[in-house]
There are 2 protein chains.
Amino acid sequence: MSRFWSPIVHGLTPYTPGEQPKIANLIKLNTNECPYPPSPRVLAAIGSAVNGDLRLYPDPDSTALRQAIAEYYAVGRDHVFVGNGSDEILAFAFQALLNHDGPLVYPDITYSFYPVYCQLNDITAETVPLNDDFSLDLDAIPHHAGAVIFPNPNAPTGQVVSLEAIRRLCQRLPDQVIVVDEAYVDFGTETAIPLVKDHPNLLVVQTFSKSRALAGLRVGFAIGQPELLAGLERVKNSFNSYPVDRLASVGAIAAIEDRQGFDYDRQRIIESRTWLAEQLTVMGFEVVPSKANFVFVRHPNRDAGELAVALRERAIIVRHFRLPRIDQHLRITIGTREECTALVTALQAIMA
Amino acid sequence: MSRFWSPIVHGLTPYTPGEQPKIANLIKLNTNECPYPPSPRVLAAIGSAVNGDLRLYPDPDSTALRQAIAEYYAVGRDHVFVGNGSDEILAFAFQALLNHDGPLVYPDITYSFYPVYCQLNDITAETVPLNDDFSLDLDAIPHHAGAVIFPNPNAPTGQVVSLEAIRRLCQRLPDQVIVVDEAYVDFGTETAIPLVKDHPNLLVVQTFSKSRALAGLRVGFAIGQPELLAGLERVKNSFNSYPVDRLASVGAIAAIEDRQGFDYDRQRIIESRTWLAEQLTVMGFEVVPSKANFVFVRHPNRDAGELAVALRERAIIVRHFRLPRIDQHLRITIGTREECTALVTALQAIMA
């Protein structure tokens, strides 16, 4: 605490990202990065932009990147907003679109950055409890909601809701902004982007950090009707004119144009997820059905925190959240098949 | 306006950055970029980081970059904060450090992003008028200030204040945060960084976008005592965990280590500034004494807006602010010597 801080700062409990340790030969299954590198095509595109033009500011409107995303999703470029990672877009959305008289509603178990954004923006939040199986019932979201946000698939559970349920919610609460945070959507569920054209209250947020293997470059995007995006633009242009740098933009454009590499890698991840879930089930773990690039598991006879520590001693790190209802679960990123095998082997040794 | 926007959005008048037109052979003297490219050493360092590690998140604490900056300025690493351009750091500072009961005080003619940050954060601002010669009298800043921010050199005037005046201000207002925005400090004036050790209320903000030729990568930094930086960190970690990407970090480290290239380029810019100021004076322009990489000029017999239009017709763009007291001035970035010569030739033709 300091007399120099603005009053809002004293009440903040900042988000804690998964650690990025500098340990050699670590098997890193804690932050849901892609286990495969960006494709040679993406690296070549970035390399060709490492030149004297770096002395110049980027395009403040990221026109070329927005155009590439628009073409991929068959929407107008005026329906695309980009930012310095989807976390920045979420931060803008909380400030620009989610601060209303009614409470912001999200699941009780969800991305743990949401309550932090609420603190930063002085937003009143209300949670809806997930069902016992961690499924989310969007029909249970109350009518007095001022706005709604949820991830699909949800984090850290990996559970999904249907497009039909999202459509019903958008129709039932037509004056409230509904944000669908699709950080993990490319691993086996459907995006809500096709619903945007009929629902001016719907914003879909995605990232290049997971399925597109560019966590190191920080690019995210949102798709919504221009009326919603104008709110985001006004806040963005009151905060930082050029959040997406030249190399990040070039890399993201190449990544979204590389459809074949994208499909190949996410298919491999889905197959490894199926394999890992089977192996863990055989070992007695309860595995929440996941459509993300992670699994969320618990063992009825083993303390999750102790398992995490034991894995770490074997140079494998996974994520353990000390939060209500999930403190006996581990969230495990789907690595390469070799990494998944090493995890299973390590767990067998620990539990033997 | 939209019912979907949070109330704060309706009152925003976002900042307008200098345009980034895509016109071939344009002489771009409007956004104070460095006219020289990053050194080969910087480009090589970035190129070597274009590899598979881009799939991984950056270090959320940017430890290596903060260490490099700390070594250059001979301060502790715990005195260095980094962000996605100095604009992002300023945005965090307004939210974390500059929102107090008393008004935030800044010059009436200054960086035009400051009033925008005030709107975004609901901060009451009070301006102190520059003297008629555009000099800033820090002793005129009132005691009831809640906090203070000013650029040194000031933008868009290029005028400087002395370190002694800054020291007096820090001592006179010991409970108020004083932010010195040093975006242009490397072109002929002294940084206030050495004052930080004696003044826990002083924050110095700099950028890699001007003197270090990396506007395209978006890196800025702030130096202050850990108590101040903790406030910035709390807001940053409630907003975006990883604002500085892997390539930006590597490029900035190489840039700050390349002392020889840095000194050579800024010396060339200072020499061109002297030359350009002389030429413009000969042509009858009034040239505000500048220690920045731009000059701020007016001609007693020529409308500034018309001059800007006529220059643009000759593929030269400069910055013209339609603001009180300065709407008859032009801000002209110091380009290469060839660009400065082309500017002079064009003005001679226009005024003939």
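Residues numbered from 1 in each chain as written. Chains lettered and ligands numbered in written order. Predicted model: local features only at pLDDT ≥ 70, side-chain atom pairs only at ≥ 80, totals over all residues.

Participant: Outline the overall build of chain A, supporting the account with residue identities and numerical values.
Facilitator: Scanning chain A from terminus to terminus reveals 11 helices and 12 strands. Taken over the C-alpha trace, chain A has a radius of gyration of 20 Å; the compact-globule value for 352 residues is 20 Å, and the two agree within 12%. Based on the C-alpha atoms only, the size of chain A along its principal axes is roughly 55 × 50 × 50 Å. Looking at chain A as a whole, 55% of its 352 residues qualify as buried. Considering only contacts within chain A whose residues lie at least 6 apart along the sequence, 73% involve residues at least 24 apart. (Helix = DSSP H or I, 4+ residues; strand = E, 2+ residues; numbered from the N terminus. Rg over C-alpha atoms; globule rule 2.2 N^0.38 Å. Buried ≥ 20, exposed ≤ 12 C-beta atoms within 10 Å, placed from the backbone. Contact = placed C-beta atoms within 7 Å.)

Participant: Explain the interface of chain B and chain A to me, and be specific about the residues and the numbers.
Facilitator: Across the boundary between the two partners, chain B contributes 72 residues, which contact 71 residues of chain A. Listed by contribution, the elements that provide at least two residues to the side of chain B that touches chain A are helix H1 (7-10), helix H2 (40-48), helix H4 (86-96), helix H5 (114-121), helix H7 (226-236) and helix H8 (246-257) of chain B. A breakdown of the residues in the side of chain B that touches chain A according to their chemical character gives 39 nonpolar, 20 polar and 13 charged. (Nonpolar A, V, L, I, M, F, W, Y, C, P; charged D, E, K, R; others polar.)

Participant: Which residues make up the relation of the copies chain B and chain A, and what values go with them?
Facilitator: The two copies are related by a screw operation: chain B maps onto chain A through 180 degrees of rotation and 0.0 Å of translation along the axis, at an RMSD of 0.0 Å. Both copies of the chain, as the preceding transformation shows, are related through a two-fold rotation axis. Relative to the rotation axis, the C-alpha of Gly 47 of chain B is the closest in chain B, positioned 3.0 Å from it. Take the interface residues of chain B: 99% of them recur as interface residues in chain A, which is what a same-surface contact looks like. (Least-squares fit on C-alpha atoms with pLDDT ≥ 70 in both.)

Participant: Can you lay out the sheet that holds strand E6 (residues 177-181) of chain B for me, pointing to particular residues and giving the numbers?
Facilitator: Strand pairing in a sheet relies on backbone hydrogen bonds, with the paired strands running either antiparallel or parallel. All names here are of chain B. Spatially, E2-E8-E7-E6-E5-E3-E4 is the arrangement adopted by the 7 strands of the open sheet, whose pairing is mixed. The sheet is open, and its two borders are formed by strand E2 (80-83) and strand E4 (125-128), each paired with just one other strand. Along the sheet, successive strands turn relative to each other by an average axial angle of 20 degrees, direction set aside. Here strand E7 (residues 202-207) runs beside strand E8 (residues 220-223); their pairing, made up of 4 bridges, is antiparallel. Paired with Gln 206 across the strands is Phe 221, a residue of E8. With respect to the sheet, helix H3 (residues 63-73) is in contact with E2 and E8, its orientation differing from that of E2 by roughly 130 degrees. (Pairing = 2+ DSSP bridges. Axes fitted to C-alpha atoms, helices over the stretch in contact; angles between N-to-C directions.)

Participant: Help me get a handle on the domain arrangement of chain A, residues and values and all.
Facilitator: By a widely used convention, the size of an interface equals the accessible area lost when the partners come together. Residue and element names in this part refer to chain A. We note that the domain assignment places domain 1 (7-37 + 260-351) and domain 2 (40-258) within chain A. Placing a centre on the C-alpha atoms of domain 1 and another on those of domain 2 gives a separation of 24 Å. Across the contact, 31 residues belong to domain 1 and 25 residues belong to domain 2. Contributions of two or more residues to the side of domain 1 that touches domain 2 are made by helix H9 (259-282) and strand E10 (294-298). The element best represented in the side of domain 1 that touches domain 2 is H9, accounting for 7 residues. Classifying every residue of the side of domain 1 that touches domain 2 by side-chain character gives 17 nonpolar, 7 polar and 7 charged. (Domains from an automatic or database assignment.)

Participant: With reference to specific residues and values, describe helix H5 (residues 114-121) of chain A.
Facilitator: Listed as buried for H5 of chain A are Tyr 114, Val 116, Tyr 117, Cys 118 and Leu 120 of chain A. For H5 of chain A, the elements touching its buried residues are helix H4 (86-96), strand E3 (104-107), strand E4 (125-128) and strand E5 (147-151) of chain A together with H7 of chain B.

Participant: Which residues make up the packing of H4 of chain B against H7 of chain B, and what are the values?
Facilitator: All names here are of chain B. At a minimum axis separation of 9 Å, H4 and H7 run at an interaxial angle of 105 degrees. Taken together, the axes of H4 and H7 are roughly perpendicular relative to one another. Facing H4, whose interface residues are Phe 92, Ala 93, Gln 95 and Ala 96, H7 presents Gly 231, Leu 232, Arg 234, Val 235 and Lys 236. Per-class residue counts for the contact of H4 with H7 are 5 nonpolar, 2 polar and 2 charged. (Parallel < 35°, antiparallel > 145°, perpendicular 65-115°, else oblique.)

Participant: Please give an account of unusual backbone geometry that cites residues and values.
Facilitator: For the peptide bond that leads from Ala 155 of chain A to Pro 156 of chain A, omega is 5 degrees, which places it in the cis range. Topologically, Pro 156 of chain A is positioned in the loop between E5 and helix H6 (163-172). Following Asn 152 of chain B, the chain continues into Pro 153 of chain B via a peptide bond in cis, with omega recorded as -5 degrees. As for its placement among the helices and strands, Pro 153 of chain B is situated in the loop between strand E5 (147-151) and helix H6 (163-172). The phi angle at Asp 122 of chain A is positive, at roughly 55 degrees, despite the residue not being glycine. Residue placement: Asp 122 of chain A occurs in the loop between H5 and E4.

Participant: Could you give me a rundown of the confidence of the model for chain A, with the residues and numbers involved?
Facilitator: Confidence in the prediction of chain A, expressed as mean pLDDT, is 97, and 100% of residues score 70 or more. Across the assembled chains, the prediction reports ipTM 0.97 with pTM 0.97. (pLDDT = per-residue confidence, 0-100.)

Participant: Hey, could you go over the sheet that holds strand E9 (residues 286-287) of chain B for me, with residue numbers and the actual values?
Facilitator: Residues and elements named next belong to chain B. Ordered in space as E9-E10-E12, the 3 strands form an open sheet in which the pairing is antiparallel. At either margin of the open sheet sits one strand with a lone partner, and together these are E9 and strand E12 (330-333). Bridge count for E9 against strand E10 (residues 294-298) is 2 bridges, and the pairing is antiparallel. When the bridges of E10 are listed, Glu 286 appears paired with Arg 298. Taken strand by strand, helix H9 (residues 259-282) contacts E9 and E10, and its axis lies near 10 degrees from that of E10.

Participant: Mind laying out the pairing of E4 of chain B, listing which residues take part and the relevant values?
Facilitator: Look at any regular strand and the pattern is simple: side chains alternate between the two faces of the sheet. Bridge count for strand E3 (residues 104-107) of chain B against E4 of chain B is 4 bridges, and the pairing is parallel. Residue pairing in the sheet places Leu 104 of chain B in a bridge with Ala 125 of chain B of E4 of chain B.

Participant: Before we move on, could you go through the nonpolar core and cite the residues and values that matter?
Facilitator: Core analysis: the biggest nonpolar cluster contains 238 residues, and Ala 93 of chain A together with Ala 93 of chain B have the highest contact counts within it. Every residue in contact with Ala 93 of chain A, bar those within four places of it in the chain, is listed here: Leu 98, Val 179, Leu 203 and Leu 232 of chain A. (Core = buried A, V, L, I, M, F, W, Y, C linked by C-beta atoms within 7 Å.)

Participant: Just give me the short version of H6 of chain A, but keep the residues and values in it.
Facilitator: An α-helix turns once per 3.6 residues; consequently, residues spaced three or four apart project the same way. Residues and elements named next belong to chain A. Restricting attention to buried positions, one finds in H6 the residues Ile 166, Leu 169 and Cys 170. Across the axial projection of H6, the buried residues extend over an arc of 100 degrees, all falling on one side. Of the exposed residues in H6, those oriented more than 90 degrees away from the buried face are Glu 164 and Gln 171. Against E5, strand E6 (177-181) and strand E7 (202-207) lie the buried residues of H6. (Arc of directions from axis to C-beta.)

Participant: Summarise the pairing of E3 of chain B; cite the residues concerned and give the values.
Facilitator: Residue and element names in this part refer to chain B. Regarding the hand of the β-α-β motif, the stretch spanning E3, H5 and E4 is right-handed. Of the pairings in the sheet, the one linking E3 to E5 comprises 2 bridges and is parallel in character. From the neighbouring strand, Leu 104 faces E5, where its bridge partner is Ala 147. (Right-handed = clockwise from strand over helix to strand, strands pointing away.)

Participant: Quick one: what's the story with the packing of H3 of chain B against H8 of chain B, residue by residue and with numbers?
Facilitator: When two helices pack together, their arrangement is given by the angle between the helix axes and by the axis-to-axis distance. All names here are of chain B. Where H3 contacts H8, the two axes come as close as 9 Å, and the packing angle between them is 15 degrees. Classified by the interaxial angle, the pair formed by H3 and H8 is roughly parallel. Considering how the two elements wind past one another, H3 and H8 form a crossing that is left-handed. In contact with Ala 64, Leu 65, Ala 68, Ile 69 and Tyr 72 of H3, H8 contributes Ser 249, Ala 252, Ile 253, Ile 256 and Glu 257. Of the residues assigned to the contact of H3 with H8, the class counts are 8 nonpolar, 1 polar and 1 charged. (Left-handed = near helix turned anticlockwise from the far one by under 90°.)

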